[in-house]
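Listed below, chain by chain, are the residues.
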Amino acid sequence: MSLRRTAAASIALLCAALPAFPRQQPAGQPAPPAPTPLEIIRRDAEALRPLAASELCRDFLEATALLPSITPRKAWRDKTSREFLSEAAASALAPEARGNLEEVELDERFYYNTRYGSPLAYARPLDVVAAAGFGSAAGRKILDFGYGSAGHLRLLASLGAEVVGVEVDPLLKILYADPSDQGIVGGEGTIRGRLTLVHGQWPAAPGLRQAAGSGFDLVISKNVLKNGYIHPAEPVDPRRLVHLGVDDEAFVRALFEVTRPGGFVLVYNLSPAPAPAGKPYIPWADGRSPFPAELWRKAGFEVIAFDKDDSEAARAMGRALGWDQGERPMDLQADLFALYTLARRPA
């Protein structure tokens, strides 16, 4: 959600796909061109393939071959407020106000990674739900709360799923404003899925629940529903928090109501190490479920796993994606942790 623009500065390496180090070229020969962002995604999918424990995850990775190339897009940013505007909104401003705007190019890398990281960081969460019995994506309805970027949603739609992404970050509404970003998504052969993006505070905003729909086989939220974001242990700038717009009980009940009988809800959180004593509190380092197990059960869910440690599997994913390489290598063992909570609406 919008809070991730703050967290991204500290945990971008958790999700960013970094290019491999180039091999030294023989003297006199030009270096090969740098890989495109889409080529990096496909290369990283190959690196993740040996880790995939389910057909769902393998299909997800293979679907990267179907991702389209993206022509750079344009937005405008207010130099003072740093807020983004669409071309239409910028054109509607008075001339003196337009003078305070700067043009920003949103390229293919930003289209697929935005400020929150590689779409392939969803590979491990998909293996988690597959192990619980989720099965194939074809014909399923999937909701992502706080989708962050549309790449993984398009991958799932290309497998035949009806996918809905909900997000409050206003920049994403601008980024994915082209009609081709939503609607029918083609897959292999005759496979067709659908992608819908809904922007606003779900479930609090009027009309948003209706726009997003219900009857979901899977509701997933990655790196958004963190205890530190919703119930911080120390005072925090409100801009760094997630504001649900309803109380905890109403939110979990809303999750239950939009999940079909037999469907799953997965909260999967990657987090850095907590701040050392005496250093400023890091809300995104507390990746525990913000809702106690009793609250999930009170809403009607069966709790399959609660704050289950998945750090070793996440670190293996991080190594495959090169998070421990590049100019700012991450110490995966000391600074990457994963917890997940998995619930099911009884059939």
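Here, the structure is the one placed above.
Just so it is clear, the structure is predicted and the values come from calculations on it, not from any experiment. (Residues numbered from 1 in each chain as written. Predicted model: local features only at pLDDT ≥ 70, side-chain atom pairs only at ≥ 80, totals over all residues. Heavy atoms only, no water.)

A.B. asks: Looking at this structure, I do not really get the pattern of salt bridges. What am I missing?
C.D. replies: Two side chains carrying opposite charge are able to pair once their charged atoms lie near each other. One pass over the full model with this rule turns up 16 salt bridges. Across the salt bridge formed by Asp181 and Arg73, the nearest N and O atoms sit 2.6 Å from each other. With a gap of 108 residues between them, Asp181 in the loop between helix H9 (170-175) and strand S6 (183-186) and Arg73 in strand S1 (residues 73-78) connect regions that are remote in the sequence. Arg315 is the salt-bridge partner of Glu312, the closest N and O atoms lying 2.6 Å from each other. Of this pair, Glu312 and Arg315 both sit in helix H14 (residues 311-320), three residues apart, roughly one helical turn. With relative accessibility at 5%, the residue Arg315 sits in the buried group. The structure contains a network of salt bridges with shared partners spanning Glu46, Arg49 and Glu62. (Salt bridge = Lys/Arg side-chain N within 4 Å of Asp/Glu carboxyl O. Helix = DSSP H or I, 4+ residues; strand = E, 2+ residues; numbered from the N terminus. Buried < 20%, exposed > 50% of the residue type's maximum accessible area, 1.4 Å probe, protein only.)

A.B. asks: What exactly am I supposed to notice about the packing of helix H3 (residues 55-62) against helix H7 (residues 123-131) here?
C.D. replies: Packed helices, taken two at a time, are described by their axes: the angle between them and the distance between them. Remark: H3 packs on H7, axes separated minimally by 8 Å, with the N-to-C direction vectors making an angle of 150 degrees. It follows that H3 is roughly antiparallel to H7 by the angle criterion. Helix-helix and strand crossings are classified by hand; for H3 and H7 the assignment is right-handed. Here Leu56, Cys57, Phe60 and Leu61 of H3 come into contact with H7, specifically with Ala123, Leu126, Asp127, Val129 and Ala130. (Axes fitted to C-alpha atoms, helices over the stretch in contact; angles between N-to-C directions. Parallel < 35°, antiparallel > 145°, perpendicular 65-115°, else oblique. Left-handed = near helix turned anticlockwise from the far one by under 90°. Contact = heavy atoms within 4.5 Å.)

A.B. asks: It is not clear to me how the sheet that holds strand S7 (residues 192-199) should be interpreted in this structure. Could you clarify?
C.D. replies: Note: strands within a sheet are paired through backbone hydrogen bonds, in either parallel or antiparallel orientation. The mixed open sheet is built from eight strands, whose spatial order is S6-S7-S5-S4-S8-S9-S11-S10. Each end of this open sheet is capped by a strand with a single partner; those strands are S6 and strand S10 (302-309). Pairwise comparison of adjacent strand axes, ignoring direction, gives a mean angle of 15 degrees for this sheet. When strand S8 (residues 216-222) meets strand S9 (residues 259-271), the two strands line up parallel, connected through six bridges. Opposite Ser221, over in S9, you have Val267 as the bridge partner. Across the sheet, H7 lies against S8, S9 and strand S11 (337-344), angled at about 140 degrees from S9, the strand it touches most. (Pairing = 2+ DSSP bridges.)

Without other data, these values stay purely geometric and don't point to any function.
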